Amino acid sequence: MIEVELKFEFPLGARTLLQTKLDTILAQPLEQVDNVDMYYDTASFDCLQQAVFVRIRNHRHLEIKYHEHADPAHMHSTERVFPLKSEPLLVKEMNILCSHFISGWKEASTIEEAIRINGLTEFAHIEKRRARYWYRDLILCIDSVEGLGNFLEVETYCEEGAKIGEAIAKLQDFVASLAFPVLRPVKVGYVELWLRLHLPQVYQLGKYQEEGYSMKWAVTK
């Protein structure tokens, strides 16, 4: 499945109004979760330079996000999730996937061993509190990201690359219908925003950059 999403920043003071708008359209609350994401890469940042993101979420899952189709606007991706204690077949799939992105990848029998023997080290640590909602066939996420600010993500899924344009148009129409003018489009992920703030020299290596991005609404908890 291909995940298609739009991301927007909004000021902290607008949180209540945004919540009211979601209540008005009868968006159904799903869950509220705290996520800790630790991002890993090689010493030369092979993955980041290919817009491949390898992270461990909540000390439970290895997640790999990458692009199977051209995505200059950074709006869609394919994501694979592997429990850290995966069975051998899943570990094999993980090894095959990583070998596409990292030259000389060494196969391992466990995910934790694969991280160790291939020299992947943590370079970014991002914590966020996420409230998820369901509206028709859309997933809406209100994120409070420590040190970065407050964001709305609007997501949907499609099975074929040819349908990506239709999915993006659907998301854009939904956001327009909210009539919430303080939403500021963000065209990079949280990890890029984190790198820009903390490791600008590494941020410059990434495929996706948002020049002129200001942290004027960012808050530090």
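Quick notes on the rules
- Residues numbered from 1 in each chain as written.
- Predicted model: local features only at pLDDT ≥ 70, side-chain atom pairs only at ≥ 80, totals over all residues.
- Heavy atoms only, no water.
- Pairing = 2+ DSSP bridges.
- Helix = DSSP H or I, 4+ residues; strand = E, 2+ residues; numbered from the N terminus.
- pLDDT = per-residue confidence, 0-100.
- Contact = heavy atoms within 4.5 Å.
- Polar contact = N/O pair within 3.5 Å; in protein donor to acceptor, adjacent residues only side chain to side chain.
- Buried < 20%, exposed > 50% of the residue type's maximum accessible area, 1.4 Å probe, protein only.
- Salt bridge = Lys/Arg side-chain N within 4 Å of Asp/Glu carboxyl O.

A.B. asks: Report on the pairing of strand 2 (residues 28-41), specifying residues and quantitative values.
C.D. replies: Judged from the 13 bridges that link them, strand 2 and strand 6 (residues 121-135) form a sheet pairing that is antiparallel. Counted as the bridge partner of Gln32 is Ala131 from strand 6. In this sheet, strand 3 (residues 53-57) lies alongside strand 2 in antiparallel orientation, the contact comprising four bridges. Bridge pairing in strand 3 places Tyr39 opposite Arg55.

A.B. asks: Can you lay out the confidence of the model for the protein for me, pointing to particular residues and giving the numbers?
C.D. replies: Put simply, the protein has an average pLDDT of 92, and 94% of its residues get 70 or more. Scored below 50 in pLDDT, residues 213-221 shows 28 contacts in the model against residues more than four places distant or in partner chains.

A.B. asks: Please provide a residue-by-residue account of the environment of Glu122, values included.
C.D. replies: Topologically, Glu122 is positioned in strand 6. Remark: the alpha-carbon pair of Glu122 and Asn35, spanning 87 residues in sequence, is separated by 16 Å. Ignoring any residue separated from it by four or fewer positions in sequence, one finds Glu122 in contact with Met38, Tyr39 and Tyr40. A polar contact of 3.3 Å, which involves the side chain of Glu122, links it to the side chain of His125.

A.B. asks: An account of the side chain of Lys65 is requested, with residue identities and associated values reported.
C.D. replies: On the secondary structure map, Lys65 appears in strand 4 (residues 61-66). Within the structure, the side chain of Lys65 is placed 3.2 Å from the side chain of Glu3, a separation counted as a polar contact. Apart from the residues lying within four places of it in its own chain, the contact partners of Lys65 are Glu3, Ala51, Val52, Phe53, Arg55, Ser77, Thr78 and Glu79.

A.B. asks: Provide a residue-level description of the environment of Lys207, including the pertinent values.
C.D. replies: Mapping Lys207 onto the fold places it in the segment after helix 7 (200-203). With 15 residues separating them in the primary sequence, Lys207 and Glu192 have C-alpha atoms 9.6 Å apart. Apart from the residues within four sequence positions on either side, Lys207 is in contact with Leu48, Gln49 and Ala51.

A.B. asks: Let's hear about the pairing of strand 7 (residues 138-145): which residues, and what values?
C.D. replies: With eight of eight residues buried, strand 7 is to be regarded as a mostly interior element. Residues of strand 7 alternate between two faces, with Leu138, Leu140, Ile142 and Ser144 on one and Ile139, Cys141, Asp143 and Val145 on the opposite face, all of them buried. Two strands pair when backbone bridges link them, and strand 6 and strand 7 are joined in this way by eight bridges, in the antiparallel orientation. Across the sheet, Lys128 pairs through a bridge with Val145, a residue of strand 7. Turn length for the strand 6-strand 7 hairpin, with the two strands adjacent in sequence and antiparallel, is two residues, and the turn residue Arg136 shows positive phi of about 55°. Alignment of strand 7 against strand 8 (residues 149-158), held across seven bridges, turns out to be antiparallel. Considered in strand 8, the bridge of Ser144 is made with Asn150. From the end of strand 7 to the start of strand 8, which pair antiparallel, there are three residues, and Gly147 there has a positive phi angle of about 80°.

A.B. asks: Give a description of the side chain of Lys128 that names residues and reports values.
C.D. replies: In this structure, Lys128 sits in strand 6. When neighbours within four sequence positions are excluded, Lys128 is seen to be in contact with Val33, Asp34, Asn35, Asp37, Arg57, Asp143, Ser144, Val145 and Tyr190.

A.B. asks: Mind laying out the pattern of salt bridges, listing which residues take part and the relevant values?
C.D. replies: According to the stated counting rule, one finds 18 salt bridges in the structure shown. Ionic pairing is found between Arg129 and Asp34, a salt bridge with its closest N-O pair at 2.7 Å. Of this pair, Arg129 sits in strand 6 while Asp34 is found in strand 2, placing the two residues 95 residues apart along the sequence. Judged by relative accessible area, Arg129 falls into the partly exposed class, the value being 43%. The partner of Arg57 in a salt bridge is Glu63, with the nearest N and O atoms 3.9 Å apart. Across the pair, Glu63 and Arg57 agree in class, each one buried. A single salt-bridge network, built from bridges that share partners, covers Glu3, Asp37, Arg55, Arg57, Glu63, Lys65, Glu79 and Lys128.

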